[in-house]
Number of protein chains: 2
Amino acid sequence: MSREEILRAAARLVREEGPRALTMRRLAAELGTAVTAIYWHVGNREALLDALVERTLREFAAIHPTGRTPRTRIVSLARALRAELRARPHLIAMVHERGRTERLFRPVRQALVKEARAAGLRGARAAELVRAVEFLVVGSVLVERVSEGEPAGGAVVPGAGDRALERALARPPDPGRLFELSVRAVVEGLLGR
Amino acid sequence: MSREEILRAAARLVREEGPRALTMRRLAAELGTAVTAIYWHVGNREALLDALVERTLREFAAIHPTGRTPRTRIVSLARALRAELRARPHLIAMVHERGRTERLFRPVRQALVKEARAAGLRGARAAELVRAVEFLVVGSVLVERVSEGEPAGGAVVPGAGDRALERALARPPDPGRLFELSVRAVVEGLLGR
DNA sequence: ACCTGAACACCGTTCAAGT
DNA sequence: ACCTGAACACCGTTCAAGT
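Our subject in this report is the structure included herewith. (Residues numbered from 1 in each chain as written. Chains lettered and ligands numbered in written order. Predicted model: local features only at pLDDT ≥ 70, side-chain atom pairs only at ≥ 80, totals over all residues. Heavy atoms only, no water.)

## Details of the overall build of chain A
Looking only at helices and strands, one finds 10 helices and 0 strands in chain A. Beginning at the N terminus, the succession of helices and strands in chain A can be written as α-α-α-α-α-α-α-α-α-α. For chain A, the C-alpha radius of gyration of 20 Å lies well beyond 16 Å, the compact-globule estimate for 193 residues. Dimensions along the principal axes, computed over C-alpha positions, put chain A at roughly 60 × 45 × 25 Å. (Helix = DSSP H or I, 4+ residues; strand = E, 2+ residues; numbered from the N terminus. Rg over C-alpha atoms; globule rule 2.2 N^0.38 Å.)

Set out below in structure tokens:
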């Protein structure tokens, strides 16, 4: 049994059953070894989680913009970041709990900084745009998770008798479009000052 | 010892030391009773957390808009929601974990629906505005928590030689202003279509 | 170098027993 | 009605012992 095998099994447990399923004893059973063998390879549970988090950080460092204009490149970064966040909810939560969110966002933030400057923004103005895009990405991932995944997700919010509004709130027909709309609105709003 | 006393002590533990500090044994020690006495009053740990979550839901139901125009009322709702979320990070996380986020946001969402309609939006258009505001509120709370609270919070993201940009990204001089700026940008963008 | 089982201090929870 | 201590099955972790 190698360290790599352990990390793979641990990542699978977290992905499929959530972080609470990742107990040292469960992991050992999964791998068919004694619990204590795992300790020899990875130190302890904290160190194991650290290793999983490091993996995630590396994946987020590979995000790059596409498109020709700064506007489209900013939107593409937002879209890519959103996709990565949505793909690994549990691992992202672990990154956050361990205080590595700053590090997770750094590559995308740097890319956003570059594009904001390419669009002509400087200083605090550029920082505001970068932050606002991050707000929208993070917020959309969380809010959409709610309307998709929650038991009470079908609960209808009274839309003042407006059926189309109620439907669109309960389950947006195209969450991706809604997201891009918001990003474009905020990008246009902050670029066109 | 009353049920109310138990809830108060539990809420204090969560607020001051985080949810991991809330163990039944620790809570019993804090209250000077046997662990099992707590079980008589609240059932079990799950039920205790449920009760704390219900309290939080009630507090969020008391959020109301202020101001005269729909625009200012929408911004005031966003501001109030943000303040409540920031005041109870651990409890909010518990609400989220327990799948009650939909319920937590419902009162504010209803108020936002009303204002979006007062501003003249209907159907999917109104829903988009409501969602976008929620995105920004939730995103800003998380992203700002990161830049305020994380050990690596001081880590400077290269701003392409732009010192003012680097400063503003590392620690925005006025997070509240940055937030309102983003909200206004998205509200204007989605109202003026 | 790599793995094992026993043991320790922590959990949440149940239950029979007390007042 | 309210509280107690003992007991159970689970944790993470350490350590001496094996190969």
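## Section: the relation of the copies chain A and chain B
The operation relating the two chain copies consists of a rotation about an axis and a shift along that axis. Overlaying chain A with chain B gives an RMSD of 0.0 Å, the required rotation being 180 degrees about an axis along which the chain moves by 0.0 Å. The operation mapping one copy onto its partner corresponds to a two-fold rotation axis. Scanning chain A for the C-alpha nearest the rotation axis identifies Gly139 of chain A, at a separation of 1.9 Å. When the interface residues of chain A are mapped onto chain B, 100% of them again lie at the interface, so the same face is used by both copies. (Least-squares fit on C-alpha atoms with pLDDT ≥ 70 in both. Contact = heavy atoms within 4.5 Å.)

## Regarding the pattern of salt bridges
Two side chains carrying opposite charge are able to pair once their charged atoms lie near each other. Here the structure, examined in full by the defined rule, presents 38 salt bridges over all chains. Linking Glu128 of chain A and Arg177 of chain B is a salt bridge whose minimum nitrogen-to-oxygen distance equals 3.3 Å. Note that Glu128 of chain A is positioned in helix H8 (residues 123-149) and Arg177 of chain B in helix H10 (residues 175-191), a pairing that runs across two chains. Assessed through its relative accessible area of 8%, Glu128 of chain A is described here as buried. Residue classification places Arg177 of chain B among the partly exposed residues on the basis of a relative accessible area of 46%. Note that Arg73 of chain B is salt-bridged to Glu115 of chain B, the shortest N-O span being 2.9 Å. (Salt bridge = Lys/Arg side-chain N within 4 Å of Asp/Glu carboxyl O. Buried < 20%, exposed > 50% of the residue type's maximum accessible area, 1.4 Å probe, protein only.)

## Observations concerning the protein's contact with DNA strand D
Neighbouring DNA strand D are 16 residues; Arg25 of chain A together with Ala34, Thr36, Trp40 and His41 of chain B lie closest to it. A breakdown of the atoms of DNA strand D within 4 Å of the protein gives sugar and phosphate a share of 47%. Interatomic distance of 2.7 Å between a backbone N/O atom of Ala34 of chain B and a phosphate oxygen of DNA strand D. At 2.5 Å from a phosphate oxygen of DNA strand D is found a side-chain nitrogen or oxygen belonging to His41 of chain B. Elements represented by at least two residues in the surface near DNA strand D include exactly helix H2 (24-31) and helix H3 (35-42) of chain A together with helix H3 (35-42) of chain B. For the surface near DNA strand D, the element with the highest residue contribution is H3 of chain B, accounting for 4 residues. Looking at side-chain class alone, the surface near DNA strand D contains 7 nonpolar, 6 polar and 3 charged residues. (Near = heavy atom within 4 Å. Polar contact = N/O pair within 3.5 Å; in protein donor to acceptor, adjacent residues only side chain to side chain. Nonpolar A, V, L, I, M, F, W, Y, C, P; charged D, E, K, R; others polar.)

## Regarding the protein's contact with DNA strand C
Taken together, 17 residues form the shell around DNA strand C, and within it Ala34, Thr36, Trp40 and His41 of chain A together with Arg25 of chain B come nearest. Protein-proximal atoms of DNA strand C, defined as those within 4 Å of the protein, fall in sugar or phosphate at a share of 47%. With respect to DNA strand C, the side chain of His41 of chain A contributes an N or O atom lying 2.5 Å from a phosphate oxygen. Separating a phosphate oxygen of DNA strand C from a side-chain N or O atom of Tyr39 of chain B is a distance of 3.2 Å.

## With respect to the interface of chain A and chain B
The partner chain B presents 56 residues to the 56 residues of chain A that form the contact. Here chain A packs against chain B, burying approximately 4700 Å² in sum over the two surfaces, 71% of which is carbon and sulfur. Joining chain A to chain B, the criterion identifies 4 salt bridges. Linking Asp162 of chain B and Arg117 of chain A is a salt bridge whose minimum nitrogen-to-oxygen distance equals 2.9 Å. The tally of links between chain A and chain B comes to 9 residue pairs in polar contact (both at pLDDT 80 or more). Elements represented by at least two residues in the side of chain A that touches chain B include exactly helix H7 (101-118), H8, helix H9 (163-170) and helix H10 (175-191) of chain A. (Buried area = accessible area lost by both parts, 1.4 Å probe.)

## Quick word on the nonpolar core
By size, the foremost hydrophobic cluster in this structure holds 130 residues, and its most contacted members are Leu52 of chain A together with Leu52 of chain B. In contact with Leu52 of chain B, not counting residues within four places along its chain, are Leu7, Ala10, Ala11, Val14, Leu22, Leu91 and Met94 of chain B. (Core = buried A, V, L, I, M, F, W, Y, C linked by side-chain atoms within 4.5 Å.)

## Considerations on the environment of Pro172 of chain A
Locating Pro172 of chain A in the fold gives a position in the loop between H9 and H10. Residue Pro172 of chain A is classed as buried on the basis of its relative accessible area, which comes to 11%. The residues touching Pro172 of chain A, leaving out its near neighbours within four places in the chain, are Ser147 and Leu178 of chain A together with Arg131 of chain B.

## Side note on the layout of surface pockets
Residue and element names in this part refer to chain B. In this structure, the second largest pocket encloses a volume near 270 Å³. Taken together, 13 residues make up the lining of the second largest pocket; nearest its centre are Ala11, Arg15, Glu59, Arg88 and Leu91. For the lining of the second largest pocket, the elements supplying multiple residues, two or more each, are helix H1 (3-17), helix H4 (45-60) and helix H6 (89-97). Its residues assigned to classes, the lining of the second largest pocket shows 6 nonpolar, 2 polar and 5 charged. (1 Å grid on protein atoms, 1.4 Å probe; cavity = no way out; pocket = protein on both sides within 12 Å on 5 of 7 lines; lining within 4 Å. Points joined across faces, edges and corners; volume = space filled by probe spheres on them.)

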